[in-house]
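Geometric and topological summary
Each chain, letter by letter, is given below.
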Amino acid sequence: MAVLVTGGAGYIGSHVVRLLAERGDDVLVVDDFSTGIGARVEGLPVVNLDLAASDAEERLVSAIKEHSVDSIIHFAAKKQVGESVEEPVMYFRQNIGALTNILAAVEATGIESLVFSSSAATYGMPDVDMVAEDLGCRPINPYGQTKLIGEWMIDNQIAASQMRGATFNAVKLRYFNVAGAGWNELADTAVMNLIPIVLERLKDGKAPIIFGDDYDTPDGTCIRDYVHVKDLAEAHIAALDYMKVGGTTETVFNVGTGTGASVKEVIDTIAEVTGRDIVPDMGERRAGDPPALVADVTRISALLSWKAEFGLEEIVRSAVEAAEMLPDQKR
Ligand SMILES: NC(=O)c1ccc[n+]([C@@H]2O[C@H](COP(=O)([O-])OP(=O)(O)OC[C@H]3O[C@@H](n4cnc5c(N)ncnc54)[C@H](O)[C@@H]3O)[C@@H](O)[C@H]2O)c1
Ligand SMILES: O=c1ccn([C@@H]2O[C@H](COP(=O)(O)OP(=O)(O)O[C@H]3O[C@H](CO)[C@H](O)[C@H](O)[C@H]3O)[C@@H](O)[C@H]2O)c(=O)[nH]1
């Protein structure tokens, strides 16, 4: 039996594909290579398919049958918050369209387990610093909305399959701030988040910009929960295993470390790891940034027996190494 990984040529998906292959699971990748990179999945069976296209359900069903797929990990999605505000229709068409086709294929083939990439973006601007899964979700942009709607679609599918006497289990993982690289060649190439942006600016000889230092946090800069992509990848394996042994008590889990780091602390860690003197520029607050967003990880640690192994320094070190910026004495 094989695991179908949608978006397996992407940053996070390729890490999960690598872990699955390492433990000897058969993998089938479905990707349209819109942001994915072919080299990340070289040598693996791949179906080049836009999951939101009109023929996607039919092609998925035949790929599932041909490769004896019994579970799906669904990463494929558009994920840029700013772009989603400018092009909401594209986000709903792509993210909701793709998931609709996947759930239709699940129904047609009797697939029993699905892991879904959700996001801390579902929480919006919570008025608590540490968020647990039961906190109400009020996403503030179309991207976050597509993730919350995706969770609801999956819940409805679970309920409908129970009514039919069929088995369909799913786990929705709400990722916090994913960073780092488990393997250099699988590193994030998108340069859209704090660590890659700072590293790119340093390469270009530019100072990083801190988006606001007047927040109500200890050093005035925003706090986030940075989770190593390899730890995050392991959480997907734990989710698959949880469903295999009949785990269905909870279906939504935060994936973070449970510890926050401020923007200043992240930049200081980059300075330490690269051995550079970094003097950041102070910029304006960025619209829509909550002052602090840290995962309560009680549930995932209790039910999936998953815990992040790596901390901020290891995350930064792996990102710096992948960007080939590690000083010689630190290699
Ligand atoms: N990176 C993060 O910080 C973060 C945080 C929270 C949630 N997520 C979610 O995790 C998932 C993976 O993110 P990532 O960082 O690896 O992004 P990525 O852009 O590197 O990977 C997405 C992959 O999906 C593919 N894809 C996109 N739309 C597709 C479609 N319609 N049909 C087929 N393939 C398609 C892309 O080609 C790419 O390979 C996404 O669902 C994203 O929303 C990411
Ligand atoms: O040049 C920069 C870039 C970012 N930041 C700050 O660094 C922090 C992290 O910013 P990112 O853009 O890296 O990440 P976000 O926390 O905004 O968002 C990320 O995490 C969210 C959940 O917490 C969602 O999953 C979202 O999809 C994902 O991009 C924020 O306070 C941001 O203002 C700067 O100060 N300077």
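Residues numbered from 1 in each chain as written. Chains lettered and ligands numbered in written order. Predicted model: local features only at pLDDT ≥ 70, side-chain atom pairs only at ≥ 80, totals over all residues. Heavy atoms only, no water.

Another point: the site of ligand 1. Inspection of the region around ligand 1 gives 27 residues, with Asp31, Thr35, Phe75, Lys79 and Tyr143 positioned closest. One of the backbone nitrogen or oxygen atoms of Ile12 is found 2.8 Å away from an oxygen atom of ligand 1. Separating an oxygen atom of ligand 1 from a backbone N or O atom of Gly36 is a distance of 2.9 Å. Coverage of ligand 1 by the protein amounts to 95% of the 830 Å² it exposes when considered alone. Within the residue set of the shell around ligand 1, elements represented by two or more residues are helix H1 (11-22), strand S5 (113-119) and helix H5 (142-163). Looking at which element gives the most residues to the shell around ligand 1, the answer is S5, with three residues. Here the residues of the shell around ligand 1 are counted per class, giving twelve nonpolar, nine polar and six charged. (Near = heavy atom within 4 Å. Polar contact = N/O pair within 3.5 Å; in protein donor to acceptor, adjacent residues only side chain to side chain. Areas by Shrake-Rupley, 256 points an atom, 1.4 Å probe, with all protein chains shown as cover. Helix = DSSP H or I, 4+ residues; strand = E, 2+ residues; numbered from the N terminus. Nonpolar A, V, L, I, M, F, W, Y, C, P; charged D, E, K, R; others polar.)

Relative to the assigned elements, Gly110 resides in the loop between helix H4 (88-109) and S5. For the pair Gly110 and Ala76, spaced 34 residues apart in the sequence, the C-alpha separation amounts to 21 Å.

What UniProt calls "domain: NAD-dependent epimerase/dehydratase" (unreviewed entry) maps, in this numbering, to residues 3-256. Taken as a whole, residues 3-256 contains 39% helix and 20% strand, while its terminal C-alpha atoms sit 24 Å from one another. (UniProt positions renumbered as here; feature names shortened; annotations may be inferred.)

Counted by the stated rule, this structure contains twelve salt bridges. The partner of Asp134 in a salt bridge is Arg299, with the nearest N and O atoms 3.1 Å apart. A residue pair is termed long-range when its members are at least 10 positions apart, and Asp134 in the loop between strand S6 (130-131) and H5 and Arg299 in helix H9 (residues 298-303) qualify at 165 residues. With relative accessibility at 67%, the residue Asp134 sits in the exposed group. Taking the relative accessible area as the measure of exposure, Arg299 reaches 13% and is therefore buried. The partner of Glu313 in a salt bridge is Arg317, with the nearest N and O atoms 2.9 Å apart. (Salt bridge = Lys/Arg side-chain N within 4 Å of Asp/Glu carboxyl O. Buried < 20%, exposed > 50% of the residue type's maximum accessible area, 1.4 Å probe, protein only.)

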